[in-house]
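Next come the chains, spelled out residue by residue.
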Amino acid sequence: MLTTLHTAYSDTRAADLAWALGREPLPALAVLDLGLAGAQLQLRLLGASHQVLLEEEQGSCSETVACMPGSSTPLPLGVSKRLGDWEYEFAARVETLGAGSFAGRAQELLALVADHPHGLAGTFPGSPHAFTAMLAQRTEGQVRWRTWHAYPQEGRLVVTRTRVGVRMSAAAVL
């Protein structure tokens, strides 16, 4: 789903993004509710940032990547945590691109997400390449999502990847 977000950029620099687990739902500009084989997933666009809410039999998980005043947790390159019966893995990277490359990458990503049944993308007024996009899937008992946060004024694209799955016991591995 592709939508135009009728708001000004709230996070204007890639370096302003922070990461948090367990935050309450924040006000969203666009929402996509998904049922993925027993998991309820809500993709939420918050300005130039995102929040994902996951509910499953094993529990719940809330991931937020946003400019959060007072947050002391900057966007990490990687996180691996145990959340109850789940393994949670998060990775982020920042791509720096020239103007032509940025425009091409933006068009490619928006085309990928716009018509995908598990995709949500929002573009911002003022620049056709200012957007936040999210894509989710469930494979092999795991819920996964990827996000892209575009900062055309900097030529930066923040890319995140998350995986949440049931932790395997040592007995099950043997």
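Just so it is clear, the structure is predicted and the values come from calculations on it, not from any experiment.

Engineer: Please provide a residue-by-residue account of the sheet that holds strand β8 (residues 86–96), values included.
Structural biologist: Taking strand neighbours across the sheet as the criterion, the seven strands line up as β1-β9-β10-β11-β12-β8-β7 in an open arrangement whose pairing is mixed. Two strands lie at the open edges of the sheet, namely β1 (2–4) and β7 (78–83), each paired on one side alone. Recorded for the sheet is a direction-independent mean angle of 15° between the axes of neighbouring strands. Here five bridges tie strand β9 (residues 119–123) to strand β10 (residues 131–139), and the two strands are oriented antiparallel to one another. Note that in β10 the partner of Ala121 across the bridge is Ala133.

Engineer: Pulling in residues and values, what's your account of the packing of aromatic side chains?
Structural biologist: A complete count under the given rule lists two aromatic pairs for this structure. With a centroid separation of 6.3 Å and 35° between ring planes, the pair formed by Trp19 and Tyr88 is classed as tilted. Here the residue Trp19 occupies a position in strand β2 (residues 18–21), and Tyr88 occupies one in strand β8, the gap between them amounting to 69 residues. Take Trp19 and Tyr88: they sit in the same class, and that class is buried. Judged by centre distance (6.0 Å) and plane angle (35°), the rings of Trp19 and Phe90 are tilted. Linking Trp19 in strand β2 with Phe90 in strand β8, this pair joins segments that are 71 residues apart in sequence. In this pair, the class of Trp19 matches that of Phe90, namely buried. Connected via pairs of aromatic rings, a cluster forms that spans Trp19, Tyr88 and Phe90.

Engineer: Quick rundown of the sheet that holds strand β5 (residues 49–56)? Include the residues and the values.
Structural biologist: Pairing is antiparallel in the open sheet, where five strands are placed in the order β2-β6-β5-β4-β3. The open sheet has two free edges, formed respectively by β2 and β3 (30–36), since each of these has just one partner strand. Strand-to-strand twist of the sheet, defined as the mean angle between neighbouring strand axes without regard to direction, takes the value 10°. Here seven bridges tie β5 to strand β6 (residues 59–66), and the two strands are oriented antiparallel to one another. Paired with Glu56 across the two strands is Gly59, which belongs to β6.

Conventions we followed
- Residues numbered from 1 in each chain as written.
- Predicted model: local features only at pLDDT ≥ 70, side-chain atom pairs only at ≥ 80, totals over all residues.
- Heavy atoms only, no water.
- Pairing = 2+ DSSP bridges.
- Helix = DSSP H or I, 4+ residues; strand = E, 2+ residues; numbered from the N terminus.
- Axes fitted to C-alpha atoms, helices over the stretch in contact; angles between N-to-C directions.
- Phe/Tyr/Trp six-rings, centres within 6.5 Å; stacked < 30°, edge-to-face > 60°.
- Buried < 20%, exposed > 50% of the residue type's maximum accessible area, 1.4 Å probe, protein only.

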